[in-house]
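Below are the chains, spelled out letter by letter.
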Amino acid sequence: MEHSLPPGPKLSIEEQTFLWFSTTYSFLDRCARDHGDSFTIEFKGFGKHVFFSEPTAVQEIYRGDPAIFRAGAGNPFLRPMLHTYSLLTMDGAPYTRHRKMILPAFQPQRVTELATLMREETEISLSKWEVGKPFSALRAFRELALSIVLRTLFGPVVSERARQIKALLVQLLDDLILTPSEKAPTAEGALAVREWEKFNRSVEELDTLVYAEIASAREKPADGTMLSLLIAAKDEAGIGFSDTELRDELVTLVVAGHETTATSLAWAIYWILHKAEVSQKLLHEIESQPKTPDRWATLPYLEAAIKESLRMNPVIPFVSWLLEEPVTIAGFKLPAGIHVAPCSYLTHRRPDLYPDPTVFRPERFLERKYTPYEFHPFAGGVRRCIGMYFAMLEMKIVIGTIFEKLTLRLDQTAPKMHAVRRSVVVAPAGGTRVVVMG
Ligand code: HEM
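In what follows, the accompanying structure is described. (Residues numbered from 1 in each chain as written. Predicted model: local features only at pLDDT ≥ 70, side-chain atom pairs only at ≥ 80, totals over all residues. Heavy atoms only, no water.)

**A word on the overall build of the protein**
Counting its regular elements, the protein contains 16 helices and 12 strands. Along the three orthogonal principal directions, the C-alpha set of the protein runs to about 65 × 55 × 45 Å. Residues counted as buried form 54% of the 438 residues belonging to the protein. Taking the contacts inside the protein whose residues are at least 6 apart along the sequence as the reference set, 73% of them involve residues at least 24 apart. Of the accessible surface of the protein, which amounts to about 19,500 Å², a share of 56% is contributed by carbon and sulfur atoms. Both charge centroids of the protein, one from 51 positive and one from 53 negative side chains, sit 3 Å from each other. (Helix = DSSP H or I, 4+ residues; strand = E, 2+ residues; numbered from the N terminus. Buried < 20%, exposed > 50% of the residue type's maximum accessible area, 1.4 Å probe, protein only. Contact = heavy atoms within 4.5 Å. Areas by Shrake-Rupley, 256 points an atom, 1.4 Å probe, with all protein chains shown as cover. Lys, Arg positive; Asp, Glu negative; His and termini not counted. Charge placed at Lys NZ, Arg CZ, Asp CG, Glu CD.)

Right, here's the structure in full:
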């Protein structure tokens with residue numbers, strides 16, 4: 001088959017990589033403006049990526065044969081931390097086995113039971129916010145989201161071991177971006193090698209702590225934590241997870257689950273506070289609801305505001321799946337060995353789907369139902385984010401509780417908002433600086 005890749009920016013690989021890392025969203029805007037629905041970008045160390053934003057092309061990819069579209073192989077940069085047996089790095093039969101075994105713990109009904117834990121951790125976090133002192137909402141949300149996911153997995157974070165796990169994870173995520181492949185970055189010189197060694201030492205330290213948590217959980221009777229559910233999970237042959245498999249999936253859930261949610265919260269709080277009429281409508285909805293523990297399921301405006309923020313600022317703006325065989329998508333004949341990238345950010349900016357796409361307007365999600373190929377901040381198909389219900393519930397509880405308990409404003413002295421890359425996500429610069437009013 002003769003190949004036909006869509007054109008892309010006429011820049012060197014180094015320039016394309018630099019623009020991607022430094023100006024992520026605006027680089028994508030520029031490529032879409034110059035080349036339309038599909039274009040090719042080449043990233044240093046990550047290969048050629050063909051981007052798609054038109055919903056039928058996105059659907060073709062998400063519904064494609066997982067033996068051809070390999071999502072795990074598309075995430076090599078996560079391997080140094082998540083290793084071999086992670087939902088994010090596996091494909092084929094081992095992937096399907098893990099997904100089936102983990103999925104029950106993330107079903108909506110089971111996730112709803114976590115509302116009390118999420119609410120308690122949010123109240124603890126809010127009680128530390130000082131009146132009148134501007135601070136980074138992202139920093140506070142990161143700490144909170146990490147506490148929520150760690151407590152979900154391991155139970156209350158009370159031990160020294162749990163505290164150490166928390167500290168190491170924060171540091172490792174900061175360093176993750178330094179490790180773009182499985183190989184040590186020898187070509188980049190001594191500093192990179194030192195960084196690499198430091199990173200690997202921290203991963204080893206983390207592993208020792210996580211294995212100790214697994215060993216002590218195996219000794220105990222089931223206690224309702226997600227770790228005890230995963231220990232009890234069995235595949236079709238009646239075999240459970242090994243310690244190595246458990247380690248890799250636990251680290252995956254912490255890494256995939258907290259930075260994404262915290263950063264999405266920082267964007268959402270920015271947009272909600274930025275638009276006075278949205279804040280007012282939200283406050284009205286929250287105040288007029290009876291304070292039942294299950295009220296989070298029935299706050300349509302809050303849900304619409306969160307979705308609208310995920311639309312404007314999907315923190316993972318595209319996913320990257322490696323082609324095992326040649327395929328044709330949207331008329332382009334693509335060879336094996338390149339990546340296809342369904343791009344939520346650009347789908348979400350299409351005026352044919354979202355009129356005035358740069359305007360934050362939660363009402364659009366109340367007026368129209370979007371398909372999973374028109375709105376896809378959690379990716380899609382068989383690889384859709386396993387934590388989607390978890391993240392939506394957590395974001396509703398955190399924002400709902402803020403509105404119930406405090407009066408929060410944007411810090412007016414903060415510089416104008418723009419997007420920056422932080423580790424694996426795109427974040428608001430400065431983390432959305434906010435201040436609690438007295
Ligand atoms: C707003 C918050 C979140 C966003 C925007 C988000 C987004 C995504 C995206 C785009 C993917 C696809 C990644 C890829 O294929 O390369 C993904 C996968 C995944 N996410 Fe999330 N996520 C969020 C929260 C969570 C939470 C709370 C958890 C768990 C506690 C979680 C666990 C996972 C896992 C395990 C995968 C891999 C799923 C698979 O391939 O089977 N995520 N997420």
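**Details of the environment of Glu-303**
When you line up the elements, Glu-303 lands in helix α13 (residues 300-312). Residues Glu-303 and Ile-329, spaced 26 residues apart in sequence, show a C-alpha to C-alpha distance of 33 Å. A polar side-chain atom of Glu-303 sits 2.7 Å from a polar atom in the side chain of Lys-396. (Polar contact = N/O pair within 3.5 Å; in protein donor to acceptor, adjacent residues only side chain to side chain.)

**Overview of the pairing of strand β11 (residues 425-428)**
By the bridge criterion, four bridges tie strand β10 (residues 419-422) to β11 in an arrangement that is antiparallel. In the sheet register, Ala-419 faces β11, and the bridge partner there is Pro-428. What sits between the antiparallel neighbours β10 and β11 is a turn of two residues, in which Ser-423 has the positive phi angle 55°. (Pairing = 2+ DSSP bridges.)

**Things to note about the coordination of the iron atom of the ligand**
Among protein residues, the single donor to the iron atom of the ligand is Cys-385 (SG), with a metal-donor distance of 2.3 Å. Tracing the sequence through the fold places Cys-385 in the loop between α15 (364-367) and α16 (388-405). (Donors = N, O, S within 2.8 Å, 3.2 Å for Na, K, Ca; no water.)

**A look at the nonpolar core**
When a protein is soluble and globular, its nonpolar side chains tend to lie buried together. Within the largest apolar cluster, 119 residues are counted, with the highest numbers of intra-cluster contacts made by Leu-28, Phe-51, Trp-129, Phe-141, Leu-169 and Ile-399. At 16 residues, the largest contribution of residues to this core is made by helix α11 (residues 243-274). Once residues within four sequence positions are removed from consideration, Leu-28 is found in contact with Trp-20, Phe-39, Ile-41, Phe-51, Pro-317, Cys-343, Tyr-345 and Leu-346. If you look at the next biggest cluster of nonpolar residues, it comprises 19 residues, including Val-58, Tyr-62, Ala-71 and Val-319. (Core = buried A, V, L, I, M, F, W, Y, C linked by side-chain atoms within 4.5 Å.)

**Some points on the pattern of salt bridges**
Throughout the structure, instances matching the rule amount to 34 salt bridges. Here Arg-70 makes a salt bridge to Asp-91, at a shortest N to O gap of 3.8 Å. Here the residue Arg-70 occupies a position in strand β3 (residues 69-70), and Asp-91 occupies one in the loop between α3 (79-82) and α4 (92-102), the gap between them amounting to 21 residues. For Glu-303, the salt bridge identified is with Lys-307, shortest N-O distance 3.3 Å. In this pair, Glu-303 and Lys-307 both sit in helix α13, four residues apart, roughly one turn of the helix. For Lys-307, a relative accessible area of 25% puts it in the partly exposed group. (Salt bridge = Lys/Arg side-chain N within 4 Å of Asp/Glu carboxyl O.)

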